[in-house]
Amino acid sequence: MAKVKHEGQWYGLDEDESVLDGLLRHGVSVPNSCRAGACQSCLMRAERGEVPAKAQVGLKETLTARDYFLACMCRPEGELEVAGAGAELRVPARITTLEKLSDSVLCVRLRPESDFEYRPGQYVSLLRQDGLARSYSLASLRQEESLELHVRRVAGGHMSGWLFDEARRGDVLDLQGPAGDCFYVPGRPEQPLLLAGTGTGLAPLYGIARDALAQGHTGPIWLFHGAVEASGLYLVDELRGVQSRHTCFQYRPSVLRGPERVGVSTGALEALIEQTCPRLAGWRAFLCGNPDTVLSLRKKLFLAGLSLKDIHADAFLPSTPRPKVGAGAMAGAPDPSR
Amino acid sequence: MSNDVAGQKRSVYEQIGGEPAMGAAVELFYRKVLSDERISHFFEDVDMERQAAKQKAFLTMVCGGPSAYTGKDMRKGHAHLVKQGLNDMHFNAVAEHLSATLTELGVARPLVDQVLAIAASARADVLNR
């Protein structure tokens, strides 16, 4: 039987149970969020024993070389001695502003208390002092003093509820990461870019678009932001401002339903993209937000002639509650797609 | 390697440009199978990179390139698809797309035929007969 040792105590794992589920079942506190190998909140380090390769997929080499792994994806064969990802991987950050961008989206700005390297569009795990963890994408540019995250209010959401209602300027959280490869890489400044996202999928796209412009991108940049209804659109004036300052940048907000509004299209995001940009072969694409939309768009764009290496997709996985019984409950979880 | 194709000194894989050629072929091939309703469901995968890597390994094998595939692997790897109804019709459709992909890349007919012969020799293993 597989066993895990944590802080001097051995815990048995059920068949096919992950290290994360096993530890949580025994009452050990481990930060976690998506439970599908994507958000990297449940990062742990192996002190002894064999870590399955699957538990290190998507981790940077600097982490795998030091035997870090994702507890939610780790189903060890034998005995494994583990430690929580300690302070060495975390950077404390202080909330500098909390600003509502719409009824349901909060802009959280944080100033890291030491160096924090990242690319706009990557994501970080945000850890509250009690260990609650959620991951958010970075909308800010590196030259800005604060990190910018867009937090959507989730009904019953622990982190979003706390950030909306209780968090105050000056509160300190920990950052872990960043992770993800949805970011702008300079080198082909004339290549047209397609940025498409739903909801707070706008956060990474907002960062990527401004990053591309700041790095001297000259080719067309199209940003499509889709929402269910008009209340889901935000940063509309800011993006129109970017459009008026940069002739290569085009902003296209859209809603699925609701009354006609000037400058906002009605209909499905995919159809709008197809209509507006009919010939996409040779483009580079960044897709963020709702997993169904992101995965379906990625397939469409690939079939339209984009190379897989030019499609950067970041499907936002919801945080997943802990299963009531240890084993088997992860079977339905989607594969991470990063 | 392609020593099973009689009298062939260099594999098709080498003749058409090796690994970079496989990289170009895999996206063309993947688009074709994903657009073909007869077989697209066998190729749907949330992780498109992983799926593309599998197909690249397949293309490399049938072109006689470096491949770790054995008949046993082919059987095991397709057993769950055979349970889902994978049959000769699907196999033929994939072979069609393979042929069209190579032709589109400018591979000469005799070489395409060699590749199809290697693919055909895998039929029994793929269909678990």
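Please refer to the structure placed before this passage.
Just so we're clear, the structure is a prediction, and the values are computed from it rather than from any experiment.

Draft legend 1. Examining the overall build of chain B more closely. Across its full length, chain B carries eight helices and zero strands. Scanning chain B from its N terminus toward the C terminus, one meets helices and strands in the order α-α-α-α-α-α-α-α. Its C-alpha atoms give chain B a radius of gyration of 14 Å, near enough to 14 Å, the size a compact globule of 129 residues would have. Put simply, of all contacts in chain B between residues at least 6 apart along the chain, 75% involve residues at least 24 apart.

Draft legend 2. Spotlight on helix H7 (residues 291-303) of chain A. Its 13 residues give H7 of chain A an end-to-end C-alpha distance of 18 Å, which sits within 8% of 18 Å, the value for a rise of 1.5 Å per residue. Turning to H7 of chain A, its buried residues number three or more, namely Thr293, Val294, Leu297, Arg298, Leu301 and Phe302 of chain A. The buried side chains of H7 of chain A occupy one side of the element, clustering within an arc of 155° when seen end-on. Residues of H7 of chain A that are buried in the fold lie against strand E12 (193-198), helix H6 (269-276), strand E16 (284-289) and strand E17 (311-315) of chain A together with helix H2 (18-35) and helix H4 (48-62) of chain B. Just downstream of H7 of chain A, Gly305 of chain A is the residue with a positive phi angle, here 115°.

Draft legend 3. Just the sheet that holds strand E3 (residues 43-48) of chain A, in detail. All names here are of chain A. Across the sheet, five strands lie side by side as E2-E1-E5-E3-E4; this open sheet has mixed pairing. Of all the strands in the sheet, just strand E2 (9-12) and strand E4 (68-70) have a single pairing partner and so form its edges. Pairwise comparison of adjacent strand axes, ignoring direction, gives a mean angle of 40° for this sheet. For strand E1 (residues 3-6) and E2, the ladder comprises four bridges, and the chain directions are antiparallel. By the bridge assignment, Val4 is partnered in E2 with Tyr11.

Draft legend 4. Structural context of the sheet that holds E12 of chain A. Residue and element names in this part refer to chain A. Within the open sheet, the six strands sit side by side as E15-E14-E13-E12-E16-E17. Their pairing is parallel. Both edges of this open sheet fall to strand E15 (265-266) and E17, since each of them pairs with a single strand only. Where strand E13 (residues 221-227) lies against strand E14 (residues 249-255), seven bridges are found, and the strand directions are parallel. Bridge pairing in E14 links Gly226 to Ser254. Against the sheet, helix H4 (residues 202-214) makes contact with E12, E13, E14, E16 and E17, and its axis sits at roughly 160° relative to E12, the strand it touches most.

Draft legend 5. A look at the nonpolar core. Counting residues in hydrophobic clusters, the biggest one holds 118 residues, and the most contacted among them are Val19, Leu70, Ala71, Leu195, Leu205, Ala209 and Leu223 of chain A. Examining the composition of this core, we find that eight residues originate from one element, H2 of chain B, more than from any other. Excluding anything up to four places from it in sequence, Leu223 of chain A contacts Leu195, Leu205, Ala209, Leu239, Gln250, Tyr251 and Arg252 of chain A.

Draft legend 6. The packing of helix H6 (residues 88-104) of chain B against helix H7 (residues 109-121) of chain B, seen in detail. Residue and element names in this part refer to chain B. Relative orientation of the contacting elements H6 and H7 amounts to 155°, with a least axis distance of 10 Å. The angle between the axes of H6 and H7 places the two elements in the roughly antiparallel class. In this structure, H6 meets H7 at a crossing whose hand is right-handed. For the pair H6 and H7, contact is made by Ala95, Leu98, Ser99, Leu102 and Thr103 and by Val112, Val115, Leu116 and Ala119, respectively. Counted by class, the contact of H6 with H7 contains seven nonpolar, two polar and no charged residues.

Draft legend 7. Just the pairing of E17 of chain A, in detail. All names here are of chain A. Here E17 lies mainly inside the structure; five of its five residues are buried. Side chains Ile311, Ala313 and Ala315 of E17 all project onto a buried face; the interleaved residues His312 and Asp314 project onto the opposite face, where all are buried too. Taken together, the five bridges between E16 and E17 define a ladder with parallel strand orientation. Within E17, the residue paired with Gly289 across the bridge is Ala315. With respect to chirality, the unit in which E16 leads through H7 into the neighbouring parallel E17 is right-handed.

Reading the values: rules and limits
- Counting from 1, residues in each chain are numbered in the order their sequence is written.
- Working convention: letters from A go to chains and numbers from 1 go to ligands, in the order in which they are written.
- Only residues with pLDDT of at least 70 are given local features in this predicted model, and only at 80 or more are side-chain atom pairs given and counted; all residues enter the totals for whole chains, interfaces and linings.
- Helix and strand assignments come from DSSP, with helices taken as H or I runs of at least 4 residues and strands as E runs of at least 2, each series counted from the N terminus.
- Between the two quantities, the radius of gyration covers C-alpha atoms and the globule rule is 2.2 Å times the number of residues to the power 0.38.
- By definition, residues are in contact whenever their C-beta atoms, placed on the basis of the backbone, come within 7 Å of each other.
- One less than the number of residues in a helix, times 1.5 Å, gives the span that helix is expected to have.
- Residues are called buried when their C-beta atom has 20 or more other C-beta atoms within 10 Å, exposed when it has 12 or fewer, and partly exposed otherwise; all C-beta atoms are positioned from the backbone.
- Think of it as the arc spanned by the lines of direction from the helix axis to the C-beta atoms.
- Strand pairing requires that DSSP identify at least two bridges connecting the strands.
- For helices, the fitted axis covers only the stretch in contact; all axes are lines through C-alpha atoms, and the angles between them, taken along N-to-C directions, range from 0 to 180 degrees.
- We define the nonpolar core as any set of buried residues of the types Ala, Val, Leu, Ile, Met, Phe, Trp, Tyr and Cys, connected via C-beta atoms lying within 7 Å of each other.
- Note on angle classes: values under 35 degrees are labelled roughly parallel, values over 145 roughly antiparallel, values of 65 to 115 roughly perpendicular, and the remainder oblique.
- Crossing handedness is defined as follows: a turn of the near helix away from the far one that is anticlockwise and smaller than a right angle gives a left-handed crossing, while the clockwise case is right-handed.
- Three residue categories are used. Nonpolar comprises Ala, Val, Leu, Ile, Met, Phe, Trp, Tyr, Cys and Pro, charged comprises Asp, Glu, Lys and Arg, and polar comprises the others, including Gly.
- Handedness of a crossover is defined as follows: with both strands directed away from the viewer, a clockwise route from the first strand across the helix to the second makes it right-handed.

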